[in-house]
Amino acid sequence: MIKFSFKLLPLFGTAILFTSCGGGGDSDGLDNASEFPPYDNTEEVKAFYNARPERFVFANPEDLPADLQWENGMDLPEIGSDEATKGGTLYGGLPDFPRTLRHVGPDSNGAFRPYILDDTTMNWAHRHPNEEGYFPGVASEWAVDEESGTVYVKINPEARWSDGEPITAEDAIFPFYFRTSDYSNAPFGKNFFEEKYTNVTIYDDYTFSVTVADKRPDFASYVLELAPSPRHFYREHGPDFVQRYQWRFATTSGPYVIKNEDIKKGRSIALSRLDEWWAKDKKFWKNRFNLDRIELTVVRDPAKSFESFKKGDFDIARLNLSEYYYEKLPNSDPLVQKGYIHKYTFYNEIPRGTVGLWLNTSKPPLDNVNVRRGIHHASNWDLVIEKFFRGDWERLRPTSDGYGEPSRTDIESREFSVTKAAQEFAKAGFDKRGPDGILTNDQGQRLSFTVTTGYKTFGDALTILKQEALKAGVEFQIEILDSTAGWKKAQEKNHQIALVGTASSPTEFYPRYWDFWHSDNALDNGKPKPQTNNFTITAIPELDGLIDQYEKSEDHNEKVDLAHKIEDILYDHAAWVPGVDMVFYRVGSWRWVKWPEHFNVKRSELERTYWLHWIDEEARAETREAMKSGKTFEPIIKVFDQYKVD
């Protein structure tokens, strides 16, 4: 799915744990739609289309070009395991309760979003996670006109929303209103839809085309990876949209729904699989989304969560942090040796995230490039990797690792150096040590910064950074919030320095620069622009020009060259301190959680990205009984390195 706003990257430790806790008590009745007066936007939406006749065209089937070459991707290999069985409940945990069920607008970009959008809804088509090419989603087939930059799409007439309504071309054109309306309060999506597309044409109820503004080499993905929006569900979309739809679960093309009675505010939320999901028997989909129910309980303390996992109350735990993999659940642990808990390491092949320190250049003295460069040299990420990650993780390069040719592999991150940090700080006037060892300037201003993060399990790593920075005369004051609050503070541009990681789409071909580095997302009437991912408030005219060229480029080689020039400017600008990344993920799961033979697909970000696993309830009961009787099973400790890049 094209991500109109990058999601928070749940990298560290057990940010999301699958649990057997489950919430108690009655529903809090959060769907409060009845509190609002009747509203119907039918005429408003019609007027929007009619006011833009060159952009929105309502044609006839005979207007379709006759020479289109239709494709459907059905020759691509199946996804998932034929051994997967449907049924069972997977009990899960969230680091905090979602602040909304809306897909767009304020607070919609939290840790819960993948459950109701990124990982569970259907696009028109999807890039295959192991091969090159697209397979069908809501579309049955499509055709690409390279010359005009237009993608033609035929909707599968069997496609249905979760409320039973058919998915039609009306749902294909509606996002271009919904995402750009000021009512939605989603500036990133508004700009994206207004700038990236020039025309939508409806030919009949199940056929439409979209023309892109720039015929970049991967332009077809900008159409195929769009998703329909349910026009009938958003008929009340209006001035009070943010409040009216705050707790209304949007009818979905995917397999899971949230019932109002399964929302228990602050405690738990559950998803239920549709018995009659329209795509349940379709190739590429039939072996996925195997769980009848997913119950997610708020578990704010990662340490307590992990202890509960080891007691058998939790189904799955992430073991990405070395502390968890080597100390809290070592291979020698009796639960592992007795075969009750299995350990898996899976090497994936995806563009890397952007975990690092984002410096807010609108807040002095971070507006001084020498201060920013000094912070680079004062940040000892290599020691964090050595001590905190046991050497398993890697240092990121600036700023787009993992994209092949567009990535700059010849630029290395600035090394930790007290001497080089001092030289940069001195250029900015910070050349005197105070009695506490912190550098000051002639006005007595100290080099002291608050570092904000929503990664609670990263606290010890930040302590290492703080202690090392002191050697260079910099004070890092650590502020650890819950994941949603940390992300929100960064998006609202209220941070000085934010430790944030964003996840790039595993299916994207080129790095995104406009989102993070273009002035369109930095300032609004001279003030920092909220609800965008330009966390550094970067606004450089020369950089804007290169990014604009990059976005419009139709030639791969030119695009690569522009990406390298952009990287040069970003390196000099020094507003992002590259952090760390893993080229794998690690999972511990009780033996009743079953996985495909090869565990997962190449482009999976996390173990749940494609929902290939399933629950064996008989094995759950067998394991519980075995633990009482003392029966043991074969230990399972596996490393899947078939996609490891040397």
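The structure displayed is predicted, hence computed values, not measured ones. (Residues numbered from 1 in each chain as written. Predicted model: local features only at pLDDT ≥ 70, side-chain atom pairs only at ≥ 80, totals over all residues. Heavy atoms only, no water.)

Focus on the overall build of the chain
Our working rule: By definition, any uninterrupted DSSP run of H or I lasting at least four residues is a helix, any uninterrupted run of E lasting at least two residues is a strand, and each is numbered from the N terminus. Radius of gyration: C-alpha atoms only; globule rule: 2.2 Å multiplied by the number of residues to the exponent 0.38. Think of it in three bands: residues with accessible area under 20% of the maximum for their type are buried, residues over 50% are exposed, and the middle band is partly exposed, with areas taken using a 1.4 Å probe on protein chains only. Here, two residues are considered to be in contact whenever any of their heavy atoms come within 4.5 Å of each other. Note that accessible areas follow from Shrake-Rupley with a 1.4 Å probe, and for residues the cover is restricted to the protein chains shown. As used throughout, the charge tally considers Lys and Arg to be positive and Asp and Glu to be negative, leaving His and the chain termini uncounted. Here the site of a charge means atom NZ of a Lys, CZ of an Arg, CG of an Asp or CD of a Glu.
From N to C terminus, the chain includes 19 helices and 30 strands. On C-alpha atoms alone, the chain measures out to a radius of gyration of 25 Å, which is about the 26 Å that the 2.2 N^0.38 rule sets for 646 residues. The dimensions of the chain, computed from C-alpha atoms along their principal axes, are 75 × 70 × 50 Å. Counting all 646 residues of the chain, 62% fall into the buried class. A separation threshold of at least 6 residues defines the contact pool for the chain, and within that pool the share at least 24 residues apart is 77%. As displayed, the chain has an accessible area near 24300 Å², and 45% of this comes from carbon and sulfur atoms. Of note, the chain has its 79 positive side-chain charges centred 6 Å away from the centre of its 103 negative side-chain charges.

Let's talk about helix H12 (residues 381-388)
Stated precisely, the cut-off is as follows: Directions drawn from the helix axis to the C-beta atoms are what define this arc.
Among all positions of H12, only Trp381, Val384, Ile385 and Phe388 are buried. Axial view of H12: buried residues confined to an arc of 105°, hence all on one face. A positive backbone phi angle near 55° is found at Arg390, which sits one or two residues after H12.

Some remarks on the packing of helix H17 (residues 541-552) against helix H18 (residues 556-573)
In plain terms, the rule: Helix axes are fitted to C-alpha atoms over the stretch in contact, other axes to C-alpha atoms as well, and angles between N-to-C directions run from 0 to 180 degrees. An angle below 35 degrees is read as roughly parallel, one above 145 as roughly antiparallel, one from 65 to 115 as roughly perpendicular, and any other as oblique. By convention, the crossing between two helices is left-handed when the near helix turns anticlockwise from the far helix through less than a right angle, and right-handed when the turn is clockwise. In this classification, Asp, Glu, Lys and Arg are treated as charged, Ala, Val, Leu, Ile, Met, Phe, Trp, Tyr, Cys and Pro as nonpolar, and every other residue, Gly included, as polar.
H18 packs onto H17 with a crossing angle of 155° between their chain directions and a minimal axis gap of 9 Å. Between H17 and H18, the angle is such that the two are roughly antiparallel. Crossing of H17 against H18: the hand is left-handed. Counted together, Glu542, Leu543, Leu546, Ile547, Gln549, Tyr550 and Glu551 of H17 and Lys559, Leu562, Ala563, Lys565, Ile566, Ile569 and Leu570 of H18 form the full contact between these two elements. The residue inventory of the contact of H17 with H18, partitioned by class, reads nine nonpolar, one polar and four charged.

Details of the sheet that holds strand E22 (residues 497-500)
Working definition: the strands of a sheet are paired by backbone hydrogen bonds and lie parallel or antiparallel to each other. Rules: Two strands pair if DSSP finds at least two bridges between them.
Strand order across the open sheet formed by five strands is E21-E20-E22-E16-E25, with mixed pairing between neighbours. Two strands close off the open sheet at either side, each with one partner strand: strand E21 (475-480) and strand E25 (576-578). Strand-to-strand twist of the sheet, defined as the mean angle between neighbouring strand axes without regard to direction, takes the value 25°. Across three bridges, the pairing between strand E20 (residues 448-453) and E22 is parallel. Looking at the pairing, Thr452 lines up with Ala498 of E22. The sheet contacts of helix H14 (residues 459-471) involve E20, E21 and E22, and relative to E21 the element is tilted by about 165°.

A short note on the packing of aromatic side chains
Formally: Under the pairing criterion, centres of Phe, Tyr and Trp rings, with the six-membered ring standing for Trp, must be within 6.5 Å; the plane angle then separates stacked pairs below 30 degrees from edge-to-face pairs above 60, leaving the rest tilted.
Enumeration according to the criterion identifies 62 aromatic pairs in this entry. Where Tyr325 meets Tyr326, the ring centres are 5.2 Å apart and the plane angle is 85°; that geometry is what we call edge-to-face. Owing to a relative accessible area of 36%, Tyr326 belongs among the partly exposed residues under this scheme. Within the aromatic cluster, the residues linked to one another by ring pairs are Phe48, Tyr49, Phe56, Phe58, Phe174, Tyr177, Phe178, Phe233, Tyr234, Phe241 and Tyr245.

Things to note about the layout of surface pockets
To keep it simple, the criterion reads: Grid spacing is 1 Å over the protein atoms alone, the probe is 1.4 Å, and a cavity is where that probe fits but cannot get out, while a pocket is an open set with protein on both sides within 12 Å along at least five of seven lines and lining residues have an atom within 4 Å of a point. Grid points are joined across faces, edges and corners, and a volume is the space filled by probe spheres set on the points.
Here the largest pocket defines a volume of roughly 730 Å³. If you go around the largest pocket, you meet 31 residues; those closest to its centre are Ile350, Arg352, Asp401, Gly402 and Tyr403. Taken together, the residues of the lining of the largest pocket break down into 11 nonpolar, six polar and 14 charged. Approximately 530 Å³ is the volume attributed to the second largest pocket.

Some remarks on the pairing of strand E3 (residues 89-94)
Within E3, five of the six residues are buried, leaving the element largely enclosed by the surrounding structure. In terms of strand pairing, E3 meets strand E13 (residues 293-298) through six bridges, oriented parallel. Of the residues in E13, the one forming a bridge with Gly92 is Leu296.

Description of the pairing of E13
Of all six residues in E13, five are buried; the element is thus mostly enclosed. Inspection of the sheet shows strand E12 (residues 268-273) paired to E13 by five bridges, in the antiparallel sense. Across the sheet, residue Ser268 finds its bridge partner in E13, namely Thr297.

Some details on the nonpolar core
Stated precisely, the cut-off is as follows: By nonpolar core is meant a set of buried Ala, Val, Leu, Ile, Met, Phe, Trp, Tyr and Cys residues that side-chain atoms within 4.5 Å join together.
Core analysis: the biggest nonpolar cluster contains 170 residues, and Phe112, Trp124, Tyr197, Ile375 and Trp517 have the highest contact counts within it. Ignoring anything within four residues of it in the chain, the contact list for Ile375 reads Leu359, Leu366, Phe425, Phe449, Phe476, Ile497 and Val577. Ala59, Leu68, Ala143 and Tyr152 belong to the second-largest nonpolar core, a separate cluster that totals six residues.

A short note on the confidence of the model for the chain
Definition in use: A residue's pLDDT is simply how confident the predictor is in it, with values from 0 to 100.
Chain-level pLDDT for the chain is 92 on average; 94% of the residues reach the 70-or-more range. The low-confidence segment residues 4-8, where pLDDT is below 50, has 37 contacts with residues more than four positions distant or belonging to other chains. Per-residue pLDDT stays below 50 along residues 11-27; that stretch engages in 86 contacts with residues further than four places along the chain or on separate chains.

Examining helix H8 (residues 302-310)
What counts here: Nitrogen and oxygen atoms within 3.5 Å of one another constitute a polar contact, given that in protein one can donate a hydrogen and the other can accept it, and given that sequence-neighbouring residues count only through two side-chain atoms.
Within the sequence span of H8, burial applies to Pro302, Ser305, Phe306, Ser308 and Phe309. The arc enclosing the buried residues of H8, seen along the axis, measures out at 160°, which places them on a common side. For H8, the elements touching its buried residues are strand E14 (314-318), helix H9 (322-328), strand E15 (341-347) and strand E27 (584-590). The N-cap residue of H8 is Asp301: its side-chain oxygen and the backbone nitrogen of Ala303 are 3.0 Å apart. Of the residues one or two after H8, Gly312 is the one with positive phi, at around 95°.

Notes on the side chain of His103
Residue position: His103 is located in the loop between E3 and helix H2 (113-116). Within polar-contact distance, the side chain of His103 engages the backbone oxygen of Ile116 at 3.4 Å. In this structure His103 touches Ser108, Ile116, Leu117, Arg179 and Ala250, once residues within four positions along its chain are discounted.

A closer look at the pattern of salt bridges
Selection rule: By convention in these notes, a salt bridge is any Lys or Arg side-chain nitrogen within 4 Å of a carboxyl oxygen on Asp or Glu.
A full pass over the atoms with the stated rule returns 44 salt bridges. Taking the shortest distance from any N to any O, the salt bridge between Lys282 and Glu158 comes out at 2.5 Å. Here the residue Lys282 occupies a position in the loop between E12 and E13, and Glu158 occupies one in the loop between strand E7 (150-155) and helix H3 (169-173), the gap between them amounting to 124 residues. Given a relative accessible area of 46%, Glu158 falls into the partly exposed group. The structure contains a network of salt bridges with shared partners spanning Lys196, Arg216, Asp218 and Glu551.

What to know about the side chain of Ser272
Within the element layout of this structure, Ser272 appears in strand E12. A polar side-chain atom of Ser272 sits 3.2 Å from a polar atom in the side chain of Arg293.

Details of the sheet that holds strand E2 (residues 56-58)
Strand order across the open sheet formed by five strands is E2-E8-E9-E7-E6, with mixed pairing between neighbours. Either end of the sheet is taken by a strand with one partner, and the two such strands are E2 and strand E6 (139-145). Neighbour-to-neighbour, the strand axes of this sheet turn through a mean angle of 15°, independent of strand direction. The pairing of E2 with strand E8 (residues 197-204) spans three bridges and is classified as parallel. Opposite Phe56, over in E8, you have Val200 as the bridge partner. Packed on one face of the sheet, helix H5 (residues 187-196) meets E8 and strand E9 (207-212) and runs near 75° to E8.

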